[in-house]
Every structure is written in C-alpha cells, then in structure tokens.
Amino acid sequence: MIPVNEPLLTESDFASVNDALRSGWISGAGPHIDAFEQRWAAYCGRKHGIAVANGSVALHVAVSLLDLEPGDEVIMPSFTIISCAWPVILSNATPVLVDSDPRTWTIDVGKIRQRVTRRTRAIMPVHIYGNPVNMRPLLDLAAEHGLAVIEDAAEAHGALYRGERIGSFGTLSCFSFYANKLITTGEGGMLLVDDDGLAERARRMRNLGFQPGRRFVHNELGYNFRLTNLQAALGLAQVERIDDIVARKRAMGKAYTERLSRLSGLELQVEQDWSRGVYWMYGILVREATGLDAAELARRLAERGIETRPFFLGMHEQPVLRKRGLFRGQSYPVTERLARQGLYLPSGLGLDEAQIECICQAVGEALE
Ligand SMILES: Cc1ncc(COP(=O)(O)O)c(C=O)c1O
C-alpha cells in the first residue's frame, strides 16, 4: 500500500530532539520553543509567534482574542475543517458560510461582500490544500468594514500570494504542524501576529492565564494549549530546510499535474498566476460523466494499493452542526460537489517519482 502520507524525518531532526531531551526542557517552556517561534515568525514576515498544541487550538485562541458577543458573525468557507467553525460556535457566535471557487477550491472571494452584515466581526480565509486565497480583495473588504482577518494557513506553509508569504496577511494567522504538514512537530500549531497586545494575550491564553508576577493568581481565564520543547525542537530542525521541502512539494505537484491533466475524467485544483501554492495534498475531482464518485474511485484505488482520503464535507452538511440547528436550508453547490467527487492522493514528502508514476497509472485504470 502506498500511504497517503509518511513524514520524512532526518538525522538533523533526531539530533535536535535529542538536544532538547538532554537539556531537561521537556515541557511547555524552553529555548527550542522560543527559537522555533522566532524562526517561523521571521520566515513568514511577522513580529510574534506563539506556539500552541495544534492548529485547531491556534484557531481557538485567535477566535477567542476577538471577544465575540453572542450573535456576532464570522465569515468562513463552507469547504473547510470543523476546527474553523467550532471556536466561533463555542463563543455563541455564528459561522457564516461562503461557497468555494470551482477552480481554486478556496473561498469564492467575490461572494463574501453579500454575506457581510452589521454583526460581521471577522473573515477567515483558508488556503485549501496549500493553494492561496485571493487575499487582496478580501483584505480590502475587511478594511472597508473594519473586520479582523483570521488566516487559516494550516495547509500552506511556505506558499506565496503576490510574492508575499502566506501567514503574513491575517490580523492573526494560524498554522498546524500535524504529521502530514510541510513542517511537522507531530502535533503542534502556531499563531502569528504583529500586535504586541494581542501577542501578550495569546501567550497568557495558551498558559492558563498565568500573569507575570505572583503565580497562580488569575485575572483572566486561559487554557493549557502549550507546545512542548521537545516538539518545538523537531519543528526548529525542519524550518532550517523549509526551502527544500517547498521545492520538493512543488516538484511533486508538477509531476502529478503533468500526468493527471491528460485524464479527461478528472478536474485538478487550479493555481492562479498570482500565487505559488505548495500542493500540501494533491487533490483530484472525478467528473460525474465517468459514472464514478470519490468513494468508488477510492475503493478502486485501494484495490490497487493506493491509499487516499476523501475531501472535507461542507460545514452546512455536518450532522453535528445541523443537529444544532445551524445552516438550515442552506446549499453550497461547489462545496457539495467537492465533497462528493473529491479525494486526495498520496502526497507525503517521502514519495518518489516512480511511485507518482504508479499512482497516476492506477488512477487512469480506475477511471476506465
Ligand atoms: C485547514 C485546516 N485548519 C486547521 C487544521 C487543524 O490543525 P490540527 O490538526 O493541527 O488541529 C487543519 C488540520 O489539518 C486544517 O487542514
């Protein structure tokens, strides 16, 4: 079986984690955390990095920092992971959905304006599968209405939008360092922000609301969302080779696109000329004319030894959110089609050209 992802760990990763282990800094403080935060923030062109336990809690902290009131609204794509909607719901606020662009699969930026109301507080663009959102009109709209932007860059390490690094655009930008991400700490995440006050609050919030000065006196509530120094040591070693990782991912993306664009039964994610995506996961959409959906294609690929993953299910189709009475009667046709017809192929950094060839051949056979 060719797995959908396998992390690529090197001698420098082992050495860095060993170094952290020997230093005795094994919990949620230590020099590797500080260095990892500084390196990642600098790479993305930001002032502050706040490392946290995973990408979902990075979004949780970012949303909490908005101090949403009940009934406030946050605009986000319908095609995303539940980590985007959940912290908004926990704040008794409302996620407001926008369908995807059928070519880029990211939020359809032209449809955001019609969803802005008096209650809108923020927009949350998500760079789906490493493909950058069209940020310029989104940022203009946010500025026009005084809205915060929470950039979900979990899948887009090292991607560029008009030459600038993804993660550099949001009032708050969030990353995940899960095992399948370009930089991984096993589990892990980070918030990036320029504002000193927001950075201070984010640091307190990830650490139970501890204040400088007398310990165990709390003026505000926080969580234990800390990343460990051991995890940060892994991330730090990987940041050193981010350029190679991005180059490798782009080469894999190119190799897939060259082979798969010949198959008339497929649609591929389109990279716009103003963006440089990182092909976090290589997604494919199977056309209805083939008579197949993604589940059937996945079954046929599994028979041929290829592991795949289905695409996200739209937020408006999530049983748990529907049970809460959210998104009743709403339909987002592009998202629904992506969920029904889309899957992603093995995309781990350990994948070689021969395996890509073999996967593409299997896709061709499976479509017949
Ligand atoms: C777009 C997006 N946002 C947020 C997350 C959450 O990250 P984590 O799995 O680290 O909690 C993910 C996870 O893969 C993601 O793909």
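The structure under discussion appears in the preceding block.
Note that this is a predicted model, so its numbers are computed, not measured.

### Concerning the sheet that holds strand β14 (residues 342-345)
A sheet is described by the order of its strands in space; here 4 strands give the open sequence β10-β12-β14-β13, paired in antiparallel fashion. With one partner strand each, in any of the chains shown, β10 (266-268) and β13 (309-310) form the two edges of the open sheet. Note: strand β12 (residues 282-286) against β14, 4 bridges, orientation antiparallel. Counterpart to G283 in the pairing with β14 is Y344. Helix α8 (residues 242-260) rests against β10, β12 and β14 of the sheet, and its axis sits at about 20° to β12. Sheet strands in contact with helix α9 (residues 294-303) are β12 and β14, and its direction is about 30° off that of β14.

### Structural notes on the packing of aromatic side chains
A complete count under the given rule lists 20 aromatic pairs for this structure. Seen in terms of ring centroids, Y129 and F312 are 6.0 Å apart; in terms of plane orientation they differ by 20°. Their pairing is stacked. You can see Y129 sitting in the loop between β4 (120-123) and α5 (135-145) and its partner F312 sitting in the loop between β13 and α10 (319-323), a full 183 residues away along the chain. Taking the relative accessible area as the measure of exposure, F312 reaches 17% and is therefore buried. Plain terms: the ring middles of Y161 and W274 are 5.2 Å apart, the flat faces sit at 70° to each other, and that makes the pair edge-to-face. Note that Y161 is positioned in strand β6 (residues 160-161) and W274 in the loop between β10 and β11 (275-276), a separation of 113 residues in sequence. The same class applies to Y161 and to W274, which are both buried. Here the guanidinium or amino end of R165 rests over the ring plane of Y43, the centre of that ring lying 4.0 Å away. Above the ring of F216, the side-chain terminus of R215 is found at 5.6 Å from the ring centroid.

Thresholds, definitions, all that
- Residues numbered from 1 in each chain as written.
- Predicted model: local features only at pLDDT ≥ 70, side-chain atom pairs only at ≥ 80, totals over all residues.
- Heavy atoms only, no water.
- Pairing = 2+ DSSP bridges.
- Helix = DSSP H or I, 4+ residues; strand = E, 2+ residues; numbered from the N terminus.
- Contact = heavy atoms within 4.5 Å.
- Axes fitted to C-alpha atoms, helices over the stretch in contact; angles between N-to-C directions.
- Phe/Tyr/Trp six-rings, centres within 6.5 Å; stacked < 30°, edge-to-face > 60°.
- Buried < 20%, exposed > 50% of the residue type's maximum accessible area, 1.4 Å probe, protein only.
- Lys NZ or Arg CZ within 6 Å of the ring centre and 35° of its normal.

This is a description of form; function is not addressed.
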